[in-house]
Amino acid sequence: MAQGELEKKNELNWLSAFYGGLLTPKQRDVMRMHCEEDLSLGEIAQEAGISRQAVHDILARAEGAMESMEEKIGCVA
């Protein structure tokens, strides 16, 4: 795993620890599989019964929502 990817996952883990409860159940589940279980998009798609593109979109929306919350609240900082 590249250094940038590892830093991104660490950032997502921190954001998820503070704001994960505010995500939808589907977003939380996909985020958990991606960050904690370190599954690829294809593996998550297979596990969740959705397309790889849907996994990507869910992760992007969840990340955007948590970053927006962090900008407003600042718990991680």
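Note: the structure precedes this text.
Residues numbered from 1 in each chain as written. Predicted model: local features only at pLDDT ≥ 70, side-chain atom pairs only at ≥ 80, totals over all residues. Heavy atoms only, no water.

Undergrad: Would you mind going over unusual backbone geometry with me for this structure?
TA: The general pattern is negative phi for most residues beyond glycine and trans for most peptide bonds. Not every positive phi belongs to a glycine, and D38 is a case in point at roughly 55°. Topologically, D38 is positioned in the loop between α2 (25–35) and α3 (41–48). Judged by its relative accessible area of 42%, D38 is partly exposed. (Helix = DSSP H or I, 4+ residues; strand = E, 2+ residues; numbered from the N terminus. Buried < 20%, exposed > 50% of the residue type's maximum accessible area, 1.4 Å probe, protein only.)

Undergrad: In this structure, what is going on with a nonpolar patch on the surface? I would like to understand it.
TA: A grouping of W14, F18 and V76 is seen on the molecular surface, where their side chains present a nonpolar patch of about 300 Å² in accessible area. Residue position: V76 is located in the segment after α4 (52–73). (Patch = residues over 30% accessible without salt bridge, like charges linked within 9 Å, V, L, I, M, F, W, Y side chains within 5 Å. Areas by Shrake-Rupley, 256 points an atom, 1.4 Å probe, with all protein chains shown as cover. Salt bridge = Lys/Arg side-chain N within 4 Å of Asp/Glu carboxyl O.)

Undergrad: What is the right way to read the packing of helix α1 (residues 3–19) against α4 from this model?
TA: Where α1 meets α4, the axes come as close as 10 Å, and the angle between the chain directions of the two elements is 65°. On the basis of the axis angle, α1 is roughly perpendicular to α4. As for how α1 packs across α4, the hand of that crossing is left-handed. Listed contacts from α4 to K8, E11, L12, L15, S16 and Y19 of α1 are E63, M66, E67, M69, E70 and I73. Residue composition of the contact of α1 with α4, by class: six nonpolar, one polar and five charged. (Axes fitted to C-alpha atoms, helices over the stretch in contact; angles between N-to-C directions. Parallel < 35°, antiparallel > 145°, perpendicular 65-115°, else oblique. Left-handed = near helix turned anticlockwise from the far one by under 90°. Contact = heavy atoms within 4.5 Å. Nonpolar A, V, L, I, M, F, W, Y, C, P; charged D, E, K, R; others polar.)

Undergrad: Where do I start with the packing of α3 against α4 in this structure?
TA: Closest axis-to-axis distance for the α3/α4 pair is 8 Å, and the angle between their directions is 105°. Judged on the interaxial angle alone, α4 and α3 are roughly perpendicular. Residue-level inspection shows L41, G42, I44 and A45 of α3 in contact with α4, the latter providing R52, V55, H56 and L59.

Undergrad: Please clarify how the state of the cysteines should be interpreted in this entry.
TA: One covalent bond between the sulfur atoms of two cysteine residues makes up a disulfide. What the rule picks out here adds up to zero disulfides. Left unpaired, C35 is separated from the closest cysteine sulfur, that of C75, by 18 Å. Judged by its relative accessible area of 9%, C35 is buried. (Disulfide = S-S within 2.5 Å.)

Undergrad: Quick question: what am I supposed to make of the packing of aromatic side chains here?
TA: Under the defined criterion, the tally for this structure stands at two aromatic pairs. With 6.3 Å between their ring centres and 20° between their planes, W14 and F18 make a pair best called stacked. One end of the pair is W14 and the other is F18, both in helix α1 and four residues apart, which spans about a single turn. Looking at W14, the relative accessible area reads 53%, which means it is exposed. With a relative accessible area of 41%, F18 lands in the partly exposed category. With 6.4 Å between their ring centres and 45° between their planes, F18 and Y19 make a pair best called tilted. Y19 gets classed as buried once you look at its relative accessible area, which sits at 2%. The structure contains a cluster of three or more aromatic residues connected by ring pairs, namely W14, F18 and Y19. (Phe/Tyr/Trp six-rings, centres within 6.5 Å; stacked < 30°, edge-to-face > 60°.)

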